[in-house]
Amino acid sequence: RIAYVNGRYLPHRHASVHVEDRGYQFADGVYEVCEVLNGHLVDERRHLDRLERSLRELFIPTPMSRIALANVLAEVVRRNGVRDGLVYLQITRGVARRDHAFPPAGTKPAVVVTARRSDRKGQEALAAKGVAVITVPENRWPRVDIKSTSLLPNVLAKQQAKEAGAREAWFVDGAGFVTEGASTNAWIVTGGKTIVTRPAESGILRGITRTVVFEVAAALGYTVEERPFTVAEALAADEAFITAATTVVMPVVRIDGHAVGDGKPGPVATTLRLKFHDFSEIF
Ligand code: PLP
């Protein structure tokens, strides 16, 4: 495997960053994960738009032009021979003597890109069965709209899910509403054809998969309601599902050990999963 690190393509096992990289010391960085299908990035334009926004919000300078970055992404995918998989991109505020405040102007952001194959068959088998989620109290900072590498609450929540035999943890805010998963957006289906997900204005990352699902849903004649929902509502719903570039649309069949609907993946989630790539930008 090959990784890109600050201008160089290196064997993955030798690819490393400096001990005073601010990503390492402060989690002072941003990232994107993009699906790769038939060797092409899925919805790259939207991922790069969101990346640029994350950088702007954190005042991290843009390390290279968008075209140059797109070339690096394509090159890492190519060098790793990835047809179906994921590409990971991370940009940190760079290497500087440890000090919380920003490093001197001119400090170069650090760029890392890796790619790996995904287990398509395993993913499809998982989607056919559906996954379990647990719920945990929301304890993240309010700027979860930024795709930052600061992910400790997400790490702890995901570990808790794993220990409970679940795939994902849904954060629940102080008012009892689900915000999102540790690495996915959360959805329910009510009344057969209405899909409900939290507005992106507060409490969640605006998922690229989420945005595309809106388009798929509209084309399929589903109604989309952007509103918060509670765990009780999710348990009473016809279906539930999660979305992310890593899992596309994944049916949720259990929440905190209770079955959702009949405890099997539902027709809406299954159809959205099936049709998703017809609505993605794949060049
Ligand atoms: N919410 C969180 C907290 C995430 O980390 C992610 C993706 O990793 C998502 C939502 C889904 O975003 P996307 O569909 O762009 O992968």
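None of the values given here were measured: they were computed from a predicted structure.

What counts and how
- Residues numbered from 1 in each chain as written.
- Predicted model: local features only at pLDDT ≥ 70, side-chain atom pairs only at ≥ 80, totals over all residues.
- Helix = DSSP H or I, 4+ residues; strand = E, 2+ residues; numbered from the N terminus.
- Rg over C-alpha atoms; globule rule 2.2 N^0.38 Å.
- Buried ≥ 20, exposed ≤ 12 C-beta atoms within 10 Å, placed from the backbone.
- Pairing = 2+ DSSP bridges.
- Core = buried A, V, L, I, M, F, W, Y, C linked by C-beta atoms within 7 Å.
- Domains from an automatic or database assignment.
- Contact = placed C-beta atoms within 7 Å.
- Near = placed C-beta within 6 Å.
- Nonpolar A, V, L, I, M, F, W, Y, C, P; charged D, E, K, R; others polar.
- Expected span 1.5 Å × (residues − 1).
- pLDDT = per-residue confidence, 0-100.

K.L.:
Got a sec to walk through the overall build of the protein? Specific residues and values, please.
P.N.:
Counting its secondary structure elements, the protein contains eight helices and 15 strands. Against the 2.2 N^0.38 benchmark of 19 Å for 283 residues, the protein shows a C-alpha radius of gyration of 19 Å, consistent with a compact globule. Along the first, second and third principal axes, the C-alpha set of the protein runs to 55 × 40 × 35 Å. Here the protein holds 283 residues, and 38% of them are scored as buried.

K.L.:
Explain the sheet that holds strand β2 (residues 8-11) residue by residue, including any values.
P.N.:
Two pairing modes exist for strands in a sheet, parallel and antiparallel, and in both the strands are linked by backbone hydrogen bonds. In space, the six strands of this open sheet follow the order β2-β1-β6-β5-β3-β4, with antiparallel pairing throughout. Two strands close off the open sheet at either side, each with one partner strand: β2 and β4 (40-41). Relative to β2, strand β1 (residues 2-5) runs antiparallel, the two sharing four bridges. Note that in β2 the partner of tyrosine 4 across the bridge is tyrosine 9.

K.L.:
An account of the nonpolar core is needed here, citing residue identities and associated values.
P.N.:
By size, the foremost hydrophobic cluster in this structure holds 65 residues, and its most contacted members are Val87, Val113, Val133, Ala240 and Val252. For this core, the two domains that each supply at least three residues are domain 1 (2-118) and domain 2 (123-278). When sequence neighbours within four positions are dropped, the list of residues in contact with valine 87 reads Cys34, Val36, Leu41, Leu73, Val76, Val77, Val113 and Ala115.

K.L.:
Explain the pairing of strand β9 (residues 178-181) residue by residue, including any values.
P.N.:
Pairing geometry for strand β8 (residues 168-172) and β9, over two bridges, is antiparallel. Directly across from tryptophan 170, in β9, lies its bridge partner glycine 181. What sits between β8 and β9 in their antiparallel hairpin is a turn of five residues, with glycine 176 showing a positive phi close to 90°.

K.L.:
Before we move on, can you summarise the site of the ligand with the specific residues and values?
P.N.:
Of all residues adjacent to the ligand, which total 13 residues, the nearest are Gly207, Ile208, Thr209, Ala244 and Ala245. When residues of the shell around the ligand are assigned to their parent elements, the largest contribution, three residues, is made by helix α6 (residues 208-219). Of the residues that constitute the shell around the ligand, the class distribution is five nonpolar, six polar and two charged.

K.L.:
Now, about the environment of phenylalanine 59: what can you tell me, with residues and values included?
P.N.:
Checked against the element boundaries, phenylalanine 59 lands in the loop between α2 (44-58) and α3 (66-79). The exposure class of phenylalanine 59 is exposed, given the 8 C-beta atoms found within 10 Å.

K.L.:
An account of α6 is requested, with residue identities and associated values reported.
P.N.:
Its 12 residues give α6 an end-to-end C-alpha distance of 17 Å, which sits within 8% of 16 Å, the value for a rise of 1.5 Å per residue. Of the positions making up α6, those classed as buried are Ile208, Thr209, Arg210, Val212, Val213, Val216 and Ala217. Phi turns positive, to about 85°, at glycine 221, one or two residues after α6.

K.L.:
If you had to explain the confidence of the model for the protein to someone new, which residues and values would you point to?
P.N.:
Summary statistics for the protein give a mean pLDDT of 97 and a share of 100% for residues scoring 70 or more. Reported confidence for the predicted complex is 0.99 by ipTM and 0.97 by pTM.

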